[in-house]
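One-letter residues, chain by chain:
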Amino acid sequence: MEQDRLDIYHHIFLSLLGGKLYTAPLDKPQNVLDVGTGTGIWAIDFADQHPESQVLGNDLSPIQPKWVPPNLKFEVDDMEEDWTYHDDFFDYIHIRSLSGSFRSWDAILAQAYRKTKPGGYIEFQDYGCELFLPDGTRLGQSPDEPPAGQYMYYIGMAAEKQGRPMAGIARGMRERLEKAGFVDVKEHVAIWPQGPWPKDKRLKEIGKWAKVGVKDSTLPFALHLLTKEGWTYDEIKAFSAKVIADFNVGKYYCHGWFVHGRKPEKKRKSGKD
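Here the structure is a predicted model, which means the values were calculated and not measured.

What counts and what doesn't
- Residues numbered from 1 in each chain as written.
- Predicted model: local features only at pLDDT ≥ 70, side-chain atom pairs only at ≥ 80, totals over all residues.
- Heavy atoms only, no water.
- Helix = DSSP H or I, 4+ residues; strand = E, 2+ residues; numbered from the N terminus.
- Rg over C-alpha atoms; globule rule 2.2 N^0.38 Å.
- Buried < 20%, exposed > 50% of the residue type's maximum accessible area, 1.4 Å probe, protein only.
- Contact = heavy atoms within 4.5 Å.
- Areas by Shrake-Rupley, 256 points an atom, 1.4 Å probe, with all protein chains shown as cover.
- Axes fitted to C-alpha atoms, helices over the stretch in contact; angles between N-to-C directions.
- Parallel < 35°, antiparallel > 145°, perpendicular 65-115°, else oblique.
- Nonpolar A, V, L, I, M, F, W, Y, C, P; charged D, E, K, R; others polar.
- Left-handed = near helix turned anticlockwise from the far one by under 90°.
- Arc of directions from axis to C-beta.
- Phe/Tyr/Trp six-rings, centres within 6.5 Å; stacked < 30°, edge-to-face > 60°.
- Pairing = 2+ DSSP bridges.

Caption draft 1: Local environment of the overall build of the protein. What the protein contains, in helices and strands, is seven helices and seven strands. Along the protein, from the amino end to the carboxyl end, the secondary structure elements read α-β-α-β-β-β-α-β-α-α-β-α-α-β. Computed over the C-alpha atoms, the radius of gyration of the protein is 19 Å, within 12% of the 19 Å expected from 2.2 N^0.38 for a compact globule of 273 residues. Each principal axis of the C-alpha distribution contributes one length, and for the protein these read about 75 × 35 × 35 Å. Counting the 273 residues in the protein, one finds 48% classified as buried. Of the contacts made within the protein by residues no fewer than 6 positions apart, 72% connect residues no fewer than 24 positions apart. Surface exposure of the protein reaches about 14100 Å², of which carbon and sulfur atoms provide 52%.

Caption draft 2: Layout of the packing of helix α4 (residues 147-161) against helix α7 (residues 233-249). For the pair α4 and α7, the least separation of the axes is 8 Å and the interaxial angle reads 125 degrees. By the criterion of interaxial angle, the relationship of α4 to α7 is oblique. For the pair α4 and α7, contact is made by P147, A148, Q150, Y151 and Y154 and by F239, K242, V243, D246 and F247, respectively. Partitioning the contact of α4 with α7 into residue classes produces seven nonpolar, one polar and two charged.

Caption draft 3: Representation of the packing of helix α3 (residues 105-115) against helix α5 (residues 173-180) within the structure. Look at α3 against α5: their axes get within 9 Å of each other, and the N-to-C directions meet at 50 degrees. As the angle between them shows, α3 and α5 are arranged oblique. Considering how the two elements wind past one another, α3 and α5 form a crossing that is right-handed. For the pair formed by α3 and α5, the contact residues are W105, D106, L109 and Y113 on the first element and M173, R176, L177, K179 and A180 on the second. Along the lines of polarity and charge, the residues of the contact of α3 with α5 split into six nonpolar, no polar and three charged.

Caption draft 4: Inspection of α3 at higher detail. Regarding α3, the residues found buried are W105, I108, L109, Q111, A112 and K115. Down the axis of α3, the buried set is contained in an arc of 160 degrees. They therefore lie on one face. Buried residues along α3 sit in contact with β4 (90-96), β5 (116-127) and α5.

Caption draft 5: The arrangement of the packing of aromatic side chains in detail. As enumerated under the stated definition, the model contains 22 aromatic pairs in all. Here the aromatic rings of Y85 and F90 are separated by 5.2 Å at their centres, their planes lie at 85 degrees, and the arrangement is edge-to-face. Residue F90 is classed as buried on the basis of its relative accessible area, which comes to 2%. Look at F132 and Y253: their rings are 5.4 Å apart centre to centre, the planes differ by 20 degrees, and that puts the pair in the stacked class.

Caption draft 6: Just the sheet that holds strand β6 (residues 183-193), in detail. Taken together, the seven strands give an open sheet; going across it, the order is β3-β2-β1-β4-β5-β7-β6, and neighbouring strands pair in mixed fashion. Looking at the sheet topology across the chains shown, the edges are occupied by β3 (72-76) and β6. Averaged over all neighbouring strand pairs, the angle between strand axes comes to 15 degrees, with direction disregarded. Across the sheet, α3 touches β4 and β5, and the angle it forms with β5 is around 145 degrees. Its contacts with the sheet place α5 against β5, β6 and β7 (253-262), and it is angled at close to 15 degrees to β7.

What follows is the structure, given as structure tokens:
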């Protein structure tokens, strides 16, 4: 179930970018790191498209396939521990769908900066963990909202309380990358409908896939976070059913965020003639 959900979201991310895997202006990168690779589907696609690259995908769980392109390998690793890679090594570091995964994004990005080769790129991709109505009204601010808004409220509060916040991570990523030392930081934000309600054909198609993603992810996310806040399984199951029903009839959207930055080249020391 979890692996299917991750692959669904991979398809959505590709759709949001018009079929592209990344937004950074890459030029035949030699060494590439996919942080929190999940099923490995992004890393596999990237390795296929870039046979000149050596791609490494890491994750806490060894759920990746055994048969992969020859220029790709996977490893089990905890990226909240010290990164053991050489400094100034990776031409491109890719981080996707990890907004609620780390206690300190600043610490993660500081390590990523050290391991990125001068002139290399880092890219963050995720959904914003913030829900909106078609008129731009943001939900998730109160437990008195419709079920979809309640869900974002309770999930967001639980994630914050447990030290791995979700809301606001994507929105603040540009500033975090700049704080870490990256330059030429570019930000692309895309509308991500949470159902097939838009009239636009492309957005409607994205919304159809998002609806499947919501159905598959609502209960697992709630179980992961709300059981730690004292909710019972039956309470979470009943609440999740209401949330899914609301998403099926409501008109909601979030944002897809794509932010990349470059590590500056080292300045040459000037010497006297």
